[in-house]
Amino acid sequence: MKKQLLSKVLFSMFFVLIGIQVLAQDRTVSGRVTASDDGSGIPGASVSVKGTSKGATSDADGNYKITVSGSAVITVSSVGFISQDITVGNRTQINVVLVADTKSLQEVVVVGYGTQKKSQMTGAISSVGSKEIQELPITNARQALQGRAAGVDVVQPGSKPGAGPQIRIRGRRSFNASNDPLYVVDGIPLSSGIDDINPNDIVSMEVLKDASATAIYGARGANGVVIITTKRGKAGATVVSVDSYYGLNQELGTIGVMNGAQFAEYKRESRRAVGQYPLGAATAADDAKIFEPRELTSIQNGRSTDYVAGMLRAGAIQSHQVAVSGGSEKTTFNISANFFQDIGVVKSQDFSRTTFRVNLDHKINDKIKIGLSTLIVNSVRNGENLNLLAGAMQENPLGEPYDAQGNLVFLPTNDGLRTNPFSELVTGVNVDENKRYRTFNSLFGEWDIAKGLKYRVNFGPDLTVGRAGRFIGAFTNNNRGGNATGSINEQFLFNWTLENIVTYNKKFKDVHNLNLTGLQSIQRDRDERTTISVNGIPAESAAYHRLGDANQITGANTDLIEWTLLSYMGRVNYDYKEKYLFTATVRMDGSSRFGANTKFGLFPSFALGWNISEEPFIKNISAIDQLKLRASWGAIGNQAITPYQTQALLGRTAYAWDNTAAFGYRPNSIGNPDLRWETSTTTNAGLDFSFFRGRLSGSAEYYQTNTTDLLAPQPLPTSIGFGGFTTNVGETQNTGIELTLNTVNIDRGGFQWTSDFIFNRNREQIVSLANGKVDDIGAGRFIGQPLSVFFDLKKVGIWQANEADAARAMGERVGQIKVEDFNGDGKINADDRQILGSAVPAFTAGLTNRFSYKGFDLSFFVFARVGQLIRSRFHDNVNQLAGRYNNLNLNYWTPNNPTNEFPQPVVTQEFPKYGSSLTYFEGSFFKIRNINIGYNLPDNVAKKLKMQSVRVFASIQQPLILAEYRQKYKGIDPETFVDGEQGVGGGEVNTNVSPATSVTTFGLNLKF
């Protein structure tokens, strides 16, 4: 009996071993991959063996063949379908049916006081996720929107640390009121911007563009809305994340100025032009007549000082963040701390920011939950208003910056108006420090009153304390050995928002979906400012910290600015079978900035949507995933002007009272109690689409916005004692198209290539002004043109020797600027000015390509801005062509070099005649914004390191700029603001802008 039992056991083990061996043997498995909805074969489906690099791809009919072991698990996947894992076992034929993945259409998007599925949206909304944000080593969250969101024009000139970009959504609407969008963070509208927010904390940014989408925020959303949602915790195990990178940056060149030999010849030529230096080759005897001894020594010894190079350095950028998230079913949390530092390539410029964020959510019971978002920020910015390049560019390279002992020479030449640029770099002699402390909080409570009925209260206190200190020592170009000066500006800004929101959701008979939202909101802002400036600080080591010790107080003032906004809003969202969509919003805003009779404005909006792909005649077309048509109309107000303009204000003045000086007050401004809301009315049509199971998706938009009752200054004759007052006058219009395309180009064999393309084209124009359709030449405003243009004489060349008679007839001379006689009257004057162009581009476009293969990922982002004109202030401030200060190294006219580019230098004129015509350039550019390559360690390797995931990456930001201004005219970055901002005029490139840089970074993303 025992022998029989033993035989059976051995016999069974034999067959088990044979079975194992059979399973272990490789075999060929084949089959067909089909779609669940129509049974059609899926070409290009990926069939891979899990845990290995082995894989295959289905053919045009969906058939595949792969060699595997019996114990293998194959993964079958395709774009637009849900992946499947299948154990092979002993099968050789495995047919796979993949189910369409519609989650992209079901994704929830934040739309303001709620969320909506993408398929149900009726407004024009663009989204940028954390993936796009984290691809760039950015200082400011606004930078992530450039080229990533349709209809959003983002520009950031230069590389000055801490400087924020300028954003215009669908162009400019107003002359005088702000054109900045509203920023909403975790449900709370901000008044102080988002520059203090750490980009690593952001999970998504939604840009609301048309009136239907922005009307929910009323007056504050007149220029578009950017909704920012920060990362929150999820129930489950605690996750610790570490994200860190370090990078080096270097300038991509500066505008070239002359070296010593070039300056010497330039100085000679400026004298030849007026007969003060003989024609022909230079001689030592002739040089001795126009050069001072130190210059002659430099010429003889070949000495040339590059002051600009001395102002520059290798910069660095770094960011280090630790975040902890997790929680239970009742309480979730996300806590993060970040340190960021940007050391600029221009000496004396740097920016550092430390942030701490806590996001906490807690369910008290099944009906009530509460939450808190807290941000604490400390930032320090040096050199915001200090740029040493301008002085360095103008300094004579033939001067003597150091004596024989290596000490600085304060006056390198005998020119008393120019001091040694290197003296500006002495420690403590130039202090420009701006410190900010901010705490922004968002608190909410939510009560589920009944099924579908919900009440929410939001409270958002926002406190900012800032201090800007400035000290200028005696031995600087500002003071030239005189008294040291200092100043301090302090700001205490407190803003709070309180909102009460009621929502009701109900589905009727499984086909009618209704959502109602009601809002009552109040926002109040208090801005306190203190300024003091002094002259004659006795101890320079005290900088601006002991202003009371100074000899003289040159200015002292305090100020208080307050405003309040009270709002009511109602919104209805309705859809029938998720096929026919309707949205209506009515908002009433009351602003303290307007007069008693005009405080409140009523602003309605309506939108319709049609999910065409849900219709029976479309639904069975497998190539169409989604096809939705949208149309909207709405009106929004704008109140973004300085408070108190409805009131007549007083100003202090000096009087002679019985021959004794006295102070009194006089009328300082004319009030306008009838000042009312500026109103923008927008019509929008849009098409959302997704084809071939997500391989091609995107949206197209057309819009037209008319803005009336513009808040603008109305000039008055100065004879009445006032320059003007603010009133409602004129109309502007913006029309444009936007296109967003997302494609999956390749997805097979573990290799994926996707692309995102953005195209924007906006046309802004002035429709009418104070006198109707009549140009206001004095203000530079023209009917049918953008809100700001370049209006000047047009250079057409340089007067040549064979045009001497024609030049004399025009009152000009050979070798000088030739401008166009625009009106043909035979003379050049102000009537010959013409519209040369605008800083508004013809279009902007951005393209992001992403590649991934077996743990490796690569992305690159390119951006173009085309058709704008720029004004280069380098070409007047550092282009005097008088032979005194150093000059841009230009191709200037001489009898032996009859160029048409720049005129002959002339010592007797401070600037060239018609010199402003030399400053306008084509501003189009193409940039490679970022290249990022990374590698995710295999899961088993990460687990051995006791981590969930490990990613290493490297990136190079802005390695290439292609632009006529840069390559042909040796300029720097042609990217400019559309409006004047941060000390830079609209459309201008000037010495306040730091050189463009290329940044190379290396980093780690770890999860524990």
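A. Main features of the sheet that holds strand S1 (residues 26-35). Reading across from one edge, S4-S1-S7 is the order of the three strands in this open sheet, with mixed pairing throughout. The open sheet has two edge strands, strand S4 (63-69) and strand S7 (96-98), and neither has a second partner. With direction set aside, neighbouring strand axes in the sheet form an average angle of 35°.

B. Representation of helix H7 (residues 293-301). Three or more residues of H7 are buried, namely Glu-295, Leu-296 and Ser-298. One side of H7 holds all its buried residues, which, seen down the axis, span an arc of 160°. Of the exposed residues in H7, those oriented more than 90 degrees away from the buried face are Pro-293, Gln-300 and Asn-301. On its buried face, H7 is in contact with helix H5 (260-272) and helix H6 (284-290). A positive backbone phi angle near 70° is found at Gly-302, which sits one or two residues after H7.

C. Structural context of the side chain of Asn-179. Note on placement: Asn-179 falls in the loop between strand S12 (166-169) and strand S13 (182-185). Taking relative accessible area as the criterion, Asn-179 reaches 5% and is therefore assigned buried. Separated by 2.9 Å, the side chain of Asn-179 and the backbone nitrogen of Arg-173 make a polar contact. In terms of polar contacts, Asn-179 uses its side chain to reach the backbone carbonyl oxygen of Ser-174, at 3.0 Å. In this structure, Asn-179 is in contact with Ile-167, Arg-168, Arg-172, Arg-173, Ser-174, Asn-223 and Asp-979, ignoring residues within four places of it in sequence.

D. Summary view of the pairing of strand S24 (residues 485-508). Alignment of strand S23 (residues 453-472) against S24, held across 20 bridges, turns out to be antiparallel. Along S24, the bridge assignment pairs Arg-467 with Glu-490. Pairing of S24 with strand S25 (residues 512-535) involves 24 bridges; the strand directions are antiparallel. Its bridge partner being in S25, Asn-505 is matched across the sheet by Asn-515. Hairpin remark: S24 followed by S25, antiparallel, with three residues in the connecting loop; positive phi at Lys-509, about 55°.

E. Examining a nonpolar patch on the surface more closely. On the surface, a nonpolar cluster with roughly 410 Å² of combined accessible area is contributed by Ile-364, Ile-368, Ile-370, Trp-447 and Ile-449. If you list the elements that add at least two residues to the nonpolar patch, you get strand S21 (368-382) and strand S22 (430-450). With respect to the helices, strands and loops of the structure, Trp-447 is situated in strand S22.

F. Representation of the nonpolar core. Core analysis: the biggest nonpolar cluster contains 42 residues, and Ile-255, Met-393, Phe-874, Leu-888 and Tyr-965 have the highest contact counts within it. At the level of secondary structure, the elements contributing two or more residues to this core comprise H5, helix H8 (307-311), helix H9 (389-394) and strand S40 (817-819). If sequence neighbours within four positions are ignored, Phe-874 has contacts with Ile-255, Met-393, Asn-879, Leu-888, Tyr-965, Ile-972, Val-989, Asn-990 and Thr-991. Ala-144, Val-185, Leu-190 and Leu-375 belong to the second-largest nonpolar core, a separate cluster that totals 26 residues.

G. Layout of the packing of aromatic side chains. Counting across every chain of the model gives 25 aromatic pairs. With a centroid separation of 6.1 Å and an interplanar angle of 50°, the aromatic rings of Phe-863 and Phe-925 are classed as tilted. With Phe-863 in strand S43 (residues 856-866) and Phe-925 in strand S46 (residues 925-936), this residue pair connects regions lying 62 residues apart in the sequence. Residues Phe-863 and Phe-925 agree in their burial class; the two are buried. Grouping aromatic residues by their ring pairs yields a cluster made of Phe-751, Trp-753, Phe-851, Tyr-853 and Phe-860. Lying across the ring of Phe-925, Lys-927 places its NZ or CZ 4.9 Å from the centre.

H. Inspection of unusual backbone geometry at higher detail. Look at Lys-854: it is not a glycine, yet its phi comes out positive at around 50°. Counting through the fold element by element, Lys-854 comes out in the loop between strand S42 (843-853) and S43. Its identity as a non-glycine residue notwithstanding, Tyr-914 has a phi of 65°, on the positive side. Relative to the helices and strands, Tyr-914 resides in the loop between helix H12 (874-877) and strand S45 (920-922).

Rules behind the numbers
Residues numbered from 1 in each chain as written. Predicted model: local features only at pLDDT ≥ 70, side-chain atom pairs only at ≥ 80, totals over all residues. Heavy atoms only, no water. Pairing = 2+ DSSP bridges. Helix = DSSP H or I, 4+ residues; strand = E, 2+ residues; numbered from the N terminus. Axes fitted to C-alpha atoms, helices over the stretch in contact; angles between N-to-C directions. Buried < 20%, exposed > 50% of the residue type's maximum accessible area, 1.4 Å probe, protein only. Arc of directions from axis to C-beta. Contact = heavy atoms within 4.5 Å. Polar contact = N/O pair within 3.5 Å; in protein donor to acceptor, adjacent residues only side chain to side chain. Patch = residues over 30% accessible without salt bridge, like charges linked within 9 Å, V, L, I, M, F, W, Y side chains within 5 Å. Areas by Shrake-Rupley, 256 points an atom, 1.4 Å probe, with all protein chains shown as cover. Salt bridge = Lys/Arg side-chain N within 4 Å of Asp/Glu carboxyl O. Core = buried A, V, L, I, M, F, W, Y, C linked by side-chain atoms within 4.5 Å. Phe/Tyr/Trp six-rings, centres within 6.5 Å; stacked < 30°, edge-to-face > 60°. Lys NZ or Arg CZ within 6 Å of the ring centre and 35° of its normal.

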